[in-house]
Amino acid sequence: MLFHEEELLLSVKRGDASAFATLYKRYRPQLLTEAYQKVRNQQEAEDIVQEIFTSLWQRRRELSINISLKHYLYRAVHLQYAYKCRRNEVARRFVSHTYYTSPESAVPRNLENKELGQQIREAARHVSAPACRKVFELLYLQDWSHKEIAQDMNIQPQVVKNQVSRALKVVRTRLREVEVV
């Protein structure tokens, strides 16, 4: 670390707000550029940088940085971006999962989602092949796994996937007809 960086960091560790402001002014523009290159959205880049500096201030007393401060902060941008990606993926999976799981969660509390859940069930009734309909309902409405369905119906997991695919085509078509999808 540069001597000036060490002094600045020691002052920040002691709670010197002006040293933190200096650190913020010095590195914020560079970190914003780095974050923007990753997310391609100015507001998200600003959020990432803000989160890094907020965390730095909150953890200032226990900070132990053995590399250059600049390198540490760039690494923090990368890690914050990775965390954001994981969090977004989890949120996407959660939203996707809540629409097509058990009857209790497939019919969420508000009226609009309740209606969508009913329309999905109604569309599933139009799947003419009983095996396809059963597989769809077990997978999406009762939250069974492909393996559980295969064992219960005494068929191969690939057959389950094929049946689900056929059922989904019918359900999607039906939902488009009623202008849901």
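Keep in mind that this is a model prediction, so the values were computed, not measured. (Residues numbered from 1 in each chain as written. Predicted model: local features only at pLDDT ≥ 70, side-chain atom pairs only at ≥ 80, totals over all residues. Heavy atoms only, no water.)

**Student:** It is not clear to me how the environment of R174 should be interpreted in this structure. Could you clarify?
**Tutor:** Relative to the helices and strands, R174 is located in helix α9 (residues 157-177). The class of R174 is partly exposed, set by a relative accessible area of 26%. Sequence separation of R174 and A124 is 50 residues, and the distance between their C-alpha atoms is 8.5 Å. If we skip the residues at most four places from it in the chain, R174 touches A123 and H126. (Helix = DSSP H or I, 4+ residues; strand = E, 2+ residues; numbered from the N terminus. Buried < 20%, exposed > 50% of the residue type's maximum accessible area, 1.4 Å probe, protein only. Contact = heavy atoms within 4.5 Å.)

**Student:** Hey, could you run me through the pattern of salt bridges in this one?
**Tutor:** Under the counting rule described, the total for this entry stands at 4 salt bridges. Across the pair D152 and K134 runs a salt bridge, and its minimum N-O distance is 3.8 Å. Placement of D152 in helix α8 (residues 146-153) and of K134 in helix α7 (residues 130-141) is noted, with a sequence separation of 18 residues between them. For D152, a relative accessible area of 43% puts it in the partly exposed group. (Salt bridge = Lys/Arg side-chain N within 4 Å of Asp/Glu carboxyl O.)

**Student:** What should I look at first to understand the confidence of the model for the protein in this one?
**Tutor:** A low pLDDT score tells you not to read the predicted coordinates there in detail. Per-residue pLDDT for the protein has a mean of 83; in total, 83% of the residues score no lower than 70. A low-confidence stretch, residues 105-109 (pLDDT under 50), is modelled with 12 contacts involving residues beyond four sequence positions or located in other chains. (pLDDT = per-residue confidence, 0-100.)

**Student:** Can you help me understand the nonpolar core in this one?
**Tutor:** One recurring pattern in soluble globular proteins: nonpolar side chains tend to sit buried together. Ranked by size, the top nonpolar core spans 23 residues in total, and within it L23, Y27, L31, F53, L56, L69 and L73 carry the most contacts. Within the residue set of this core, elements represented by two or more residues are α1 (3-13), α2 (17-39), α3 (42-58) and α4 (69-99). Ranked by residues supplied to this core, first place goes to α2 with 8 residues. In this structure L73 touches Y27, L31, I52 and L56, once residues within four positions along its chain are discounted. Formed by 17 residues, the second largest nonpolar core is a distinct cluster that contains A123, C132, F136 and V164. (Core = buried A, V, L, I, M, F, W, Y, C linked by side-chain atoms within 4.5 Å.)

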